[in-house]
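# Observations on the model geometry
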Amino acid sequence: MELSALQSLYVIAPYLFGSLTYCYISLRNRHKLPLPPGPKGIPILGNLFQLPQKHEWEVYHNWCNDLGTDILHLNIAGTPLIILDSLEATTTILDKNSTLCSDRPRMPMVRELMGWDAAFQFKDHGDEWREHRKLFHQEMSIGSQRFHLHQIRATQRFMKRLMYASNGANVVQEVRDLAGDIAVSITYGFERTYETQHYAGLSSIALDPLIEALTPGGSFLVDSFPLLKYIPAWLPGGAFKRKARFWNDLRVQMFDEAFEDAKSNIMTGNASPCFVSCSLGQMNQATGDSDDQERRIKAVAGSIYADVAKRAQREMDDVLGFGILPRFEDEGRLPFTKSLIMEMQRWRDPNPLDLPHVSTDELVYKGYRIPKGSVILGNAWGILQNPEIFRDPHIFKADRYLTPDGQSIDKRVLNPSTVIFGYGHRACPGRFVSEASTWIILSSLIAAFNFHHVDETGHKHHPFQAGLLRLPNEFKVRFEPRSENFKKLIDGFEDAYW
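The structure reproduced in this document is the subject of the present report. (Residues numbered from 1 in each chain as written. Predicted model: local features only at pLDDT ≥ 70, side-chain atom pairs only at ≥ 80, totals over all residues. Heavy atoms only, no water.)

The three strands are arranged β3-β9-β8 in an open sheet whose pairing can be described as antiparallel. Each end of this open sheet is capped by a strand with a single partner; those strands are β3 (169–170) and β8 (449–453). Sheet topology places β8 next to strand β9 (residues 476–481); five bridges connect them, and they run antiparallel. Paired with F451 across the bridge in β9 is F479. (Pairing = 2+ DSSP bridges. Helix = DSSP H or I, 4+ residues; strand = E, 2+ residues; numbered from the N terminus.)

The next thing to look at is the packing of aromatic side chains. Taken as a whole and assessed by the stated rule, the structure comprises 13 aromatic pairs. Taken together through their ring pairs, the aromatic side chains of W116, F122 and F255 make up a single cluster. The positively charged end of R251 is found above the aromatic ring belonging to F255, 5.2 Å away from the centroid. In this arrangement the basic side chain of R346 is found over the ring face of F390, its NZ or CZ atom lying 5.3 Å from the centre. (Phe/Tyr/Trp six-rings, centres within 6.5 Å; stacked < 30°, edge-to-face > 60°. Lys NZ or Arg CZ within 6 Å of the ring centre and 35° of its normal.)

Along strand β2 (residues 79–84), five of the six residues are buried, which leaves the element largely enclosed by surrounding structure. Bridge count for strand β1 (residues 71–76) against β2 is six bridges, and the pairing is antiparallel. Looking across to β2, one finds that I71 is bridged to L84. With antiparallel pairing between neighbouring strands as the criterion, β1 and β2 make up a hairpin whose turn holds two residues, including A77 at a positive phi of roughly 50 degrees. (Buried < 20%, exposed > 50% of the residue type's maximum accessible area, 1.4 Å probe, protein only.)

Time to look at the sheet that holds β2. Pairing within the open sheet is mixed, and its four strands lie in the order β1-β2-β7-β4. In this open sheet, the two strands that pair with only one neighbour each are β1 and β4 (357–358). Relative to strand β7 (residues 375–378), β4 runs antiparallel, the two sharing two bridges. The residue bridging V358 from the neighbouring strand is V375, located in β7.

Residue position: L414 is located in the loop between α14 (380–384) and α15 (417–420). Classification of L414 by relative accessible area gives buried; the value is 16%. Residues within four places of L414 in sequence aside, it is in contact with L87, I383, I389, F390, Y401 and V419. (Contact = heavy atoms within 4.5 Å.)

Another aspect to go through is the packing of helix α6 (residues 148–163) against helix α16 (residues 431–448). Each packed pair of helices is defined by two parameters, the angle between the axes and the distance between the axes. Running from N to C, α6 and α16 point in directions that differ by 35 degrees, and their axes come no closer than 10 Å. Of the two possible hands of crossing, α6 and α16 adopt the one that is right-handed. Every residue of α16 that contacts α6 at H148, Q151, I152, T155, F158, M159 and L162 is listed here: V433, A436, S437, I440, I441, S444, L445 and A448. Within the contact of α6 with α16, the residues separate by chemical class into 10 nonpolar, five polar and no charged. (Axes fitted to C-alpha atoms, helices over the stretch in contact; angles between N-to-C directions. Left-handed = near helix turned anticlockwise from the far one by under 90°. Nonpolar A, V, L, I, M, F, W, Y, C, P; charged D, E, K, R; others polar.)

With respect to the helices and strands, S483 occurs in the loop between β9 and α17 (484–491). Here the side chain of S483 touches F486 through a polar contact of 3.1 Å, landing on its backbone nitrogen. (Polar contact = N/O pair within 3.5 Å; in protein donor to acceptor, adjacent residues only side chain to side chain.)

Attention now goes to the pattern of salt bridges. Two side chains carrying opposite charge are able to pair once their charged atoms lie near each other. With the rule as written, the count across this model stands at 24 salt bridges. D208 is the partner of R176 in a salt bridge, and the nearest nitrogen-oxygen pair spans 2.9 Å. Note that R176 is positioned in helix α7 (residues 171–188) and D208 in helix α8 (residues 193–214), a separation of 32 residues in sequence. One salt bridge connects R346 with E343, and the closest N-O pair in it is separated by 2.9 Å. Here R346 and its partner E343 are both found in helix α13 (residues 335–347), three residues apart, which amounts to about one turn of the helix. Among the residues examined, R346 registers a relative accessible area of 1% and is labelled buried. Connected through salt bridges with shared partners, the residues R327, E329, D330 and R333 form a single ionic network. (Salt bridge = Lys/Arg side-chain N within 4 Å of Asp/Glu carboxyl O.)

Taking 1.5 Å of rise per residue, 12 residues should cover 16 Å, and helix α2 (residues 56–67) covers 17 Å from first to last C-alpha, within 8% of that figure. Here the buried face of α2 lies against β1, β2 and α14. Of the residues flanking the end of α2, it is G68, one or two places downstream, whose phi is positive at about 65 degrees. (Expected span 1.5 Å × (residues − 1).)

Spatial relationships are all this shows, so hold off on functional conclusions.
Below, the structure is given as structure tokens:
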């Protein structure tokens, strides 16, 4: 017998009422959940003045240890700041709930006043971000092997500079120059020394203010009080707007000048394969608004941008032969060298705190409530220094990642790359290029040189700079070729580009 509409309503009404009641109670109870523990703040401003100004990752980690938690809450003038201090926390919140934690904070100074919202790393998680990341992923992840020649040539130029620094090389500056060299050559196809030096210098001038503005602790008050962005630049207290305008001009120059020169080289047939040439080539085969696609390519291009050494040398001499430099394909044949490089990444991670995420919905972790709109930071330093993951984490152990027989990498030991390149949808899409560069640079240096201190700098307790990135203060090292054959080999590197 069929039920009438009224009879059907009588049947389903109790179930409907029960479901609605359950949802209401669940939501109400969810909002009753406590916030994660954290230091006590002051009214209105909360913990704003307690934000650490240096070594933030260590301060956050110590607070978590003191409070017996792996998740920390701070109130920054009304904005919840959540610190995740364990692999479980970052995996649960930033990986498994990535769709709800992939926006970026507003960051008025960086995104709005300095114009860095043009770079996809700072865009919110949406359609435009997906298009930019897809473009980056196509060339810099899937097709990254096509750029190996750029990485090899940049490494060779680097080795030649180090060898001829007779009074010892300023290592930090040389490494910065190398990073710029690789980024410029891979992105825009420039390889001649005057080109790479010019554009790497331009990149450094534009990126240094960005790093300053991103330093946790709040370099600029406008990030805590966004309404300040509307005050005139000429008023007292408006100096940050004058700075932002100048820094934005530097960013635009970096994006535009290199891109236009790369396009000119492509048009005249003088460009080597690079991100811009490959992306423009794909654009010419596609349909749609070419101007819009070109703007997208330009924006993405602008955003790319001791005893143990002896043991690694013996391994390379035995496997490759003395006087032979390693290649990309040799990585799997040199497990100790690979383990040594992985331990370098873990022991002194240069990026201890990931760029901040923002939650677009409320989340729950271990009975704690993470409010919608929270700024979330993963503390990579805390994870990589966790004694439950790495035994004696403060000690440098070059063979930490080897199997007991020393013949291969032990997959049971956490690979630092799992953490240092970010989390979830915001994990760095350039990881493969970065890891390949790290391998070819460090393995080549270990194979070819003996290293000697020049002065008192560069020892075990050498100090590090304060700031967003964990970089050492400048120090000097003399790079001595291990043999006359190595010296002749390095002398012959890419003379046409020297």
